[in-house]
Amino acid sequence: MQLSPTHCASFSIGNEAAARRVVDVLNEVFFEGDAAVAAFERPDGEWYVTLHFAEAPDQELLRELVATSAGIDIAARLAFDTIEAKDWVKASLEDLVPVPAGRFVVHGSHDRDRVAPNKLAIEIEAALAFGTGHHGTTRGCLLLLDHVLKHARPKRVLDLGTGTGVLGIAAAKALHRAVLASDIDPPSVRVATENAALNEVGNQVRVIRATGFAAPDFGRCGPFDLVLANILANPLRQLAGPMTRHLAPGARAILSGLLTHQAPAVIAAYRARGLVPLRHLRIEGWSSLLLRKMG
C-alpha cells in the first residue's frame, strides 16, 4: 500500500518543563486528529517538540503559536519537513527507554526483551494518538493505579479519553477484567484497539468513540468502581457532574492532564459533588489526582 507523506514541524527547547508547557498549548489548539504533538529527550539530553500533520500546516500561524508560548528565539528554530507516514514513529521510539511506574512498565517493541519478568509490560507504539508513557501525566496515572490496586479490586473500570489505550490496558492486565475505554478521536479509537490486541487484552478492553459520557454504553457498563481520565483541566471540570453520576458509592477516580496550578480548580469541582482527594502526584509540572466518591 502506498503511504501518504506526513508533514512534520519540529524545534528544540531548553528543558523538559518548557517542552511540556508548549505541548499543552499546542494540544489546546490542534485537536481531534488535526496534529500529533509530542515532546521527547534525545540521547544528548536536548529536548525536542515535534508536530505531525496529515495536511501541510500554516507555517506562519505555527511560528506565531510557538513564539507566543515559548518565545521568538524558540520559534526561530522551527523547522519543517515532509516525511513518509511511519518514519517518524520509528525514529521517535528508538530514542525512548522503558518507563517504570510501580508494577507497570511501558515500552516500545524495540525494548520488549528489556522488561523484567516480574513487571506488567505494556507495549505501546507511537501513532496519531497521545500516550507512550513518557509524559508525566501518564506516569502519574499509572502510579496512582498501582496504589489503588494495592487496596482494592475494582470490578467496573472506565478509561475515559483513552488515547493510545495505555491506562485501560494496564487496568485489564492487572485486574484480568473487562475495561471500557472511550475517546472522541476516531484515530485514537483505532490505535487503542490495536494496542489492546497487541498486549493480548483485546478481548477485555472494548474501545468506543464517545464525547464525554454521551453514549448508552456508559449506563450499561456502570456505575464504575474506577474511572481513569487523562485528559485536560477544562474537560475534567465540565465532566465533574456526569462522571459523579456514573460512579458507584466509594468509587475512585484518577484524573490527570492538568498543570499543577490547575489542580485546585479541578479538585474543587469534584469536591462540590462529593468526591474527596486522597492523593496528589506532581510530576514534571503536571498533576495527577486520586479522588474517592463518598457515600
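Definitions and cut-offs
- Residues numbered from 1 in each chain as written.
- Predicted model: local features only at pLDDT ≥ 70, side-chain atom pairs only at ≥ 80, totals over all residues.
- Heavy atoms only, no water.
- Helix = DSSP H or I, 4+ residues; strand = E, 2+ residues; numbered from the N terminus.
- Buried < 20%, exposed > 50% of the residue type's maximum accessible area, 1.4 Å probe, protein only.
- Contact = heavy atoms within 4.5 Å.
- Areas by Shrake-Rupley, 256 points an atom, 1.4 Å probe, with all protein chains shown as cover.
- Pairing = 2+ DSSP bridges.
- Axes fitted to C-alpha atoms, helices over the stretch in contact; angles between N-to-C directions.
- Core = buried A, V, L, I, M, F, W, Y, C linked by side-chain atoms within 4.5 Å.

Novice: Tell me about the overall build of the chain, and please be specific about residues and values.
Specialist: Within the chain, the secondary structure is distributed over eleven helices and 14 strands. Counting over 295 residues, the chain shows a buried share of 54%. Of the contacts made within the chain by residues no fewer than 6 positions apart, 67% connect residues no fewer than 24 positions apart. For the chain, the accessible area works out to roughly 13,400 Å², and carbon and sulfur atoms hold 52% of it.

Novice: Residue-level account of the sheet that holds strand E7 (residues 120–123), with values.
Specialist: The pairing of strands in a sheet happens through backbone hydrogen bonds and is either parallel or antiparallel. Taken in spatial order, the three strands make up an open sheet running E5-E6-E7, and their pairing is mixed. Single-partner strands in this sheet number two, and they are strand E5 (99–101) and E7. Averaged over neighbouring strand pairs, the angle between their axes works out to 25° when direction is ignored. In the sheet, strand E6 (residues 104–107) pairs with E7 via four bridges, with the strands oriented parallel. From the neighbouring strand, Val105 faces E7, where its bridge partner is Ala121. The sheet strands contacting helix H6 (residues 166–175) are E6 and E7, and the helix crosses E7 at an angle near 150°.

Novice: If you had to explain the nonpolar core to someone new, which residues and values would you point to?
Specialist: Of all hydrophobic cores here, the largest spans 33 residues; its most connected members are Phe104, Ile122, Leu145, Val205, Leu228 and Ile254. Contributions of two or more residues to this core are made by E6, helix H5 (136–149), H6, strand E9 (179–183), helix H7 (186–198), strand E10 (205–209) and strand E11 (224–230). Considering each element in turn, this core owes the most residues, eight residues, to H6. Setting aside anything within four residues of it in sequence, one finds Ile122 in contact with Phe104, Val105, Val106, His107, Val166, Ile169, Ala170 and Asn199. Core analysis: the second largest hydrophobic core is formed by 30 residues, Phe213, Ala215, Val227 and Tyr270 among them.

Novice: Account for H6, with residues named and values stated.
Specialist: For H6, the tally of buried residues reaches nine of ten residues, placing the bulk of the element in the interior. Among all positions of H6, only Val166, Leu167, Gly168, Ile169, Ala170, Ala171, Ala172, Ala174 and Leu175 are buried. Directly beyond the C-terminal end of H6, a positive phi value near 55° is found at His176.

Novice: An account of the side chain of Thr50 is requested, with residue identities and associated values reported.
Specialist: Mapped onto the fold, Thr50 is located in strand E3 (residues 47–53). Of the residues examined, Thr50 reaches a relative accessible area of 9% and is grouped as buried. In contact with Thr50, other than residues within four places in its own chain, are Ala9, Ser10, Ala36, Val37, Ala38 and Phe40.

Novice: Describe unusual backbone geometry, and please don't skip the residues or the numbers.
Specialist: Going from Gly222 to Pro223, the amide bond is cis rather than trans, its omega being -5°. By the secondary structure assignment, Pro223 is in the loop between helix H8 (216–221) and E11. One non-glycine residue, His176, lies in positive phi territory at about 55°. Secondary-structure assignment places His176 in the loop between H6 and E9. Of note, the phi angle at Glu200 is positive, near 60°, even though the residue is not glycine. Locating Glu200 in the fold gives a position in the loop between H7 and E10. In this structure Glu200 comes out as exposed when scored by relative accessible area, which is 70%.

Novice: Describe the environment of Val148, naming the residues involved and giving the relevant values.
Specialist: By the element assignment, Val148 lies in helix H5. The buried category is assigned to Val148, whose relative accessible area is 3%. C-alpha of Val148 to C-alpha of Arg252: the two residues are 104 residues apart in sequence and 8.2 Å apart in space.

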